[in-house]
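Notes for the structure review
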Amino acid sequence: MNEAVLATSTVSQASRLGQRLRTLGRAEVILPAAVLVVAVHVVDDNFLQPQPGTSAADHLVSGLVPVGLLLGFAGFSARLRPGLRAALTTLLGLFGIVAGIEAVYYAHAGRLSGDDYTGFAAMPAGLALILVAALTLWRTRRVDDHPAWRWARRVLLSGGTVLVMYLLVAPFLLTYLLTHTARAFVPVDRVGAPHENVTFKTVDGLRLHGWYVPSRNGAAVISFPGRNGSQGPARLLARQGYGVLLFDRRGEGESDGDPNAWGWAGYRDVDAAVAFLQRRPDVEPGRIGGIGLSVGGEMMLEAAARSHGLDAVVSEGAGERSVHEVLDMTRGDKWLSLPDYAALSAGISLFSNHVPPPSLKDLVGRISPTPVFFIYGEHGQDGERNLNPQYFAAARAPKSIWQVPGSGHVGGINARPREYERRVIRFFDRTLLKADQRR
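First, a word on what this report is: a plain description of the structure on this page. Counting of residues starts from 1 at the beginning of each chain's written sequence and follows it residue by residue. Per-residue local features of the predicted model are confined to residues with pLDDT of at least 70, and side-chain atom pairs are confined, for both listing and counting, to 80 or more; whole-chain, interface and lining totals are unaffected and use all residues. The side-chain numbers reported here are obtained from all heavy atoms of the structure, hydrogens and water having been left aside.

1. Here's the deal with the overall build of the protein chain
Stated formally: Each helix corresponds to a stretch of at least 4 residues labelled H or I by DSSP, and each strand to a stretch of at least 2 residues labelled E; elements are numbered beginning at the N terminus. Burial here depends on accessible area, computed with a 1.4 Å probe over protein chains only, as a share of the maximum for the residue type. Under 20% is buried, over 50% is exposed, and the range in between is partly exposed. Throughout, a contact is declared for two residues whenever any of their heavy atoms are within 4.5 Å. Method for areas: the Shrake-Rupley scheme with a 1.4 Å probe, in which residue coverage is limited to the protein chains shown.
The secondary structure content of the protein chain amounts to 14 helices and 8 strands. Considered along the principal axes of its C-alpha atoms, the protein chain spans approximately 110 × 45 × 30 Å. Looking at the 439 residues of the protein chain, the share that counts as buried comes to 49%. Partitioning the intrachain contacts of the protein chain with sequence separation of at least 6 by distance along the chain shows that 70% fall at a separation of at least 24. Split by element, the accessible area of the protein chain, about 20,500 Å² in all, is 61% carbon and sulfur.

Right, dumping it as structure tokens:
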């Protein structure tokens, strides 16, 4: 009887072992296949069908580094310990899903392009990788130790995983969306003044599209970024006779190029807009200004510091755009936010093929003698409330600053509409029209 039970037990164990090996064998086939699908999308996106106005040479880092990591993992994953292999498989699976979100976004906007089809394939491939990772962890879990220690270990590992995901992985993966998606449509025209459809080129060969309200007073102002949120300042400037230029920045709307939600390299778009206005017969020399909101304000400040093409700058809601500005903050909890900003900066550098721009605190000192006006909301974002007083202190005269009472982020025009218009128009009248300083 004992021999029969032993034989049955042995057969049962062998059956379970065989089933386990077959399951793991299927996973070992699925893993490289799914990784290959994600790698194909990266190649397609960066090299085969890049954004209009760009080429494969513009995407060497964002293409070669992810593809190298994906293929290297597919080739060597079998040699890794199960826990590490599962962790890396999960990360690559999440990347595959995030890489496919771009396709979903542009499909919803009715702007599908060739590389979006491989993006759709990357999403189920990413999900398959996550399932393979979960299966690997389940099949290789330890069951031969004390239950109390086993569950304590699992709780600690789960807590550490959540923390790493929150501080590093999620911000890093978010940067793929920040550098691959942007407004895909031209917004409804609410400028409130007749305008022309215009195009102009950047120094790196991108064609930008926008609207231009011709000047009636010999001066013109760039309202930035984009043709959506910047229409409010454009309306009040046009009412006062200023020419106003609104345009889609790179990678947005109808404009060429790769998007970058944090505005890295966006100063080149501002420089191209300045060059366009300098060629306009209705704009007199020395009478070109700029008003930028949020990331637009940050790009205005950098453009004014680098090229001095602008004759007056209003920056509203500028804040932090990389780890450099976070290090400039004076608040005590900045060290808590440093890991996720470091991950954001690293991710944007990788996926945008650009190193982080210099700190705005270092740049604003080079804007002078161009007049600069800093605006920020009393209830704005932490970064803008902490940094704008520092930007003002670092800038040299002529300069001014206004904390808008009751305003949130870039909400000055809504919180104090009459005072906002009076202050902004007075600033441009004084700097571009050389109006009476006592006004």
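2. Section: the nonpolar core
Heads up, the condition is: Here, the term nonpolar core denotes a set of buried Ala, Val, Leu, Ile, Met, Phe, Trp, Tyr and Cys residues that are joined through side-chain atoms within 4.5 Å.
By size, the foremost hydrophobic cluster in this structure holds 39 residues, and its most contacted members are Ile222, Leu245, Leu301 and Leu310. Setting aside anything within four residues of it in sequence, one finds leucine 310 in contact with Ile222, Val270, Val274, Ile288, Gly289, Gly290, Met300, Ala304 and Thr370. Of all hydrophobic cores here, the second largest spans 26 residues; its members include Val244, Ile291, Phe427 and Leu432.

3. Side note on helix H8 (residues 295-306)
Along an α-helix, a turn takes 3.6 residues, which lines up residues three or four apart on a common side. Going by this rule: Multiplying one less than the number of residues by 1.5 Å gives the expected span of a helix.
End to end, H8 covers 17 Å across 12 residues, agreeing with the expected 16 Å (1.5 Å per residue, within 8%). Counting buried positions along H8 yields 11 of 12 residues, so the element is predominantly enclosed. Taken residue by residue, H8 has Val295, Gly296, Gly297, Glu298, Met299, Met300, Leu301, Glu302, Ala303, Ala304 and Ala305 as its buried positions. Tucked inside the fold, the buried residues of H8 contact strand S3 (220-224), helix H7 (267-278), strand S5 (288-293), strand S6 (312-316), helix H11 (360-363) and strand S7 (372-377). Residue histidine 308 follows H8 closely and has a positive phi angle near 55°.

4. Comments concerning the packing of helix H3 (residues 82-108) against helix H4 (residues 114-139)
For the record, the criterion: Here an axis means a line fitted to C-alpha atoms, over the contact stretch when the element is a helix, while the angle between two N-to-C directions is reported on a 0 to 180 degree scale. Angles are sorted into four bins: roughly parallel if under 35 degrees, roughly antiparallel if over 145, roughly perpendicular if 65 to 115, and oblique for all others. Here a crossing is called left-handed whenever its near helix is offset anticlockwise from the far helix by less than a right angle, and right-handed whenever the offset is clockwise. Residues are grouped as follows: Ala, Val, Leu, Ile, Met, Phe, Trp, Tyr, Cys and Pro are nonpolar; Asp, Glu, Lys and Arg are charged; all remaining types, including Gly, are polar.
Two elements in contact, H3 and H4, have axes separated by 6 Å at closest approach and are oriented at 155°. One way to sum up the angle between H3 and H4 is to call them roughly antiparallel. Considering only the axes of H3 and H4, their crossing is left-handed. Broken down by class, the residue content of the contact of H3 with H4 amounts to 19 nonpolar, 9 polar and 4 charged.

5. Concerning the layout of surface pockets
Just so we agree on the cut-off: Grid points spaced at 1 Å over the protein atoms alone were grouped into cavities, where a 1.4 Å probe fits but cannot get out, and pockets, open sets with protein on both sides within 12 Å along at least five of seven lines, with lining residues defined by an atom within 4 Å of a point. Grid points are joined across faces, edges and corners, and a volume is the space filled by probe spheres set on the points.
Counted as a void, the largest pocket has a volume near 800 Å³. Lining the largest pocket are 21 residues, with Gly83, Leu137, Arg141, Arg154 and Leu157 positioned closest to its centre. At the level of secondary structure, the elements contributing two or more residues to the lining of the largest pocket comprise H3, H4 and helix H5 (147-178).

6. Concerning the packing of aromatic side chains
Formally: Only centres within 6.5 Å qualify two rings of Phe, Tyr or Trp (six-membered ring in Trp) as a pair; their planes then separate them into stacked at under 30 degrees, edge-to-face at over 60, and tilted for everything else. Counted as over-ring charges are cases with an Arg CZ or a Lys NZ within 6 Å of the ring centre that also lie within 35 degrees of the ring normal.
In the structure shown here, the tally under the stated rule is 15 aromatic pairs. Each residue in the set Phe200, Tyr212, Phe224, Phe247 and Phe276 is aromatic and connected to the rest through ring pairs, giving one cluster. Its end group placed over the ring of phenylalanine 185, arginine 183 keeps NZ or CZ at 5.9 Å from the ring centre. One cation-aromatic arrangement involves lysine 399 over phenylalanine 392; the distance from NZ or CZ to the ring centre is 4.5 Å.

7. Thoughts on a nonpolar patch on the surface
The criterion, for reference: The patch calculation keeps residues exceeding 30% relative accessible area without a salt bridge and links them within 9 Å when they carry like charges or within 5 Å when they are nonpolar (Val, Leu, Ile, Met, Phe, Trp, Tyr). By convention in these notes, a salt bridge is any Lys or Arg side-chain nitrogen within 4 Å of a carboxyl oxygen on Asp or Glu.
A cluster of nonpolar side chains, Leu60, Val61, Leu64, Val65 and Leu69, forms an exposed patch at the surface whose accessible area comes to about 450 Å². Counting through the fold element by element, leucine 69 comes out in helix H2 (residues 60-76).

8. So, empty space enclosed by the protein
In total, this model carries 1 cavity of 30 Å³ or more according to the counting rule given. Roughly 40 Å³ of volume is contained in the largest cavity. Of the residues contributing to the lining of the largest cavity, the split by class is 3 nonpolar, 3 polar and 4 charged.

9. What about the environment of threonine 330?
This is how it is decided: Under this definition, polar contacts are N or O atom pairs within 3.5 Å; protein pairs additionally need one hydrogen-donor-capable and one acceptor-capable atom, and for neighbouring residues in sequence, both atoms have to be side-chain atoms.
Relative to the helices and strands, threonine 330 resides in the loop between helix H9 (323-328) and helix H10 (334-352). Separated by 164 residues in sequence, threonine 330 and tyrosine 166 have C-alpha atoms that sit 24 Å apart. Residues within four places of threonine 330 in sequence aside, it is in contact with Asn386 and Gln390. Side chain to side chain, threonine 330 and asparagine 386 meet in a polar contact 3.0 Å long.

10. Description of the sheet that holds strand S2 (residues 207-213)
Working definition: the strands of a sheet are paired by backbone hydrogen bonds and lie parallel or antiparallel to each other. Using the following cut-off: Any two strands with at least two DSSP bridges between them are considered paired.
The sheet built from 8 strands is open, its strands ordered S1-S2-S4-S3-S5-S6-S7-S8 with mixed pairing. Across the chains shown, the open sheet's two edge strands, defined by having one partner strand only, are strand S1 (196-201) and strand S8 (399-404). Strand-to-strand twist in this sheet, taken as the mean axis angle between neighbours without regard to direction, amounts to 20°. As paired elements, S7 and S8 share 6 bridges and run parallel to each other. Bridging from a neighbouring strand, glycine 377 pairs with valine 404 of S8. Docked against the sheet, H7 engages S1, S2, S3, strand S4 (243-247) and S5, running at close to 155° with respect to S3.

11. Concerning the pairing of S7
What counts here: With its strands directed away from the observer, a crossover is right-handed exactly when the path from the first strand over the helix to the second travels clockwise.
Across the 6 residues of S7, 6 count as buried, placing the element largely inside the fold. Judged by which residues are buried, S7 turns out to be covered on both faces: Val372, Phe374 and Tyr376 on one side and Phe373, Ile375 and Gly377 on the other are all buried. Both S6 and S7 contribute to a ladder of 4 bridges, which runs parallel. Bridging from a neighbouring strand, serine 315 pairs with phenylalanine 374 of S7. The parallel pair S7 and S8 is bridged by helix H12 (residues 382-394), and the resulting crossover is right-handed.

12. Details of the environment of alanine 318
Mapped onto the elements, alanine 318 comes out in the loop between S6 and H9. Sequence separation between alanine 318 and valine 295 is 23 residues; the distance between their C-alpha atoms is 6.2 Å. Look past the residues within four positions of alanine 318 in its chain and what remains in contact with it is Ser294, Gly297, Glu298, Leu301, Glu384, Asn388 and Tyr391.

13. Side note on the side chain of lysine 334
This is how it is decided: Charged residues are defined here as Lys and Arg on the positive side and Asp and Glu on the negative side; His and the ends of the chain fall outside this count.
Its location among the elements puts lysine 334 in helix H10. Salt bridges are absent for the buried lysine 334, whose nearest opposite-charge side chain, aspartate 328, sits at 6.8 Å. When neighbours within four sequence positions are excluded, lysine 334 is seen to be in contact with Val326, Leu327 and Met329.

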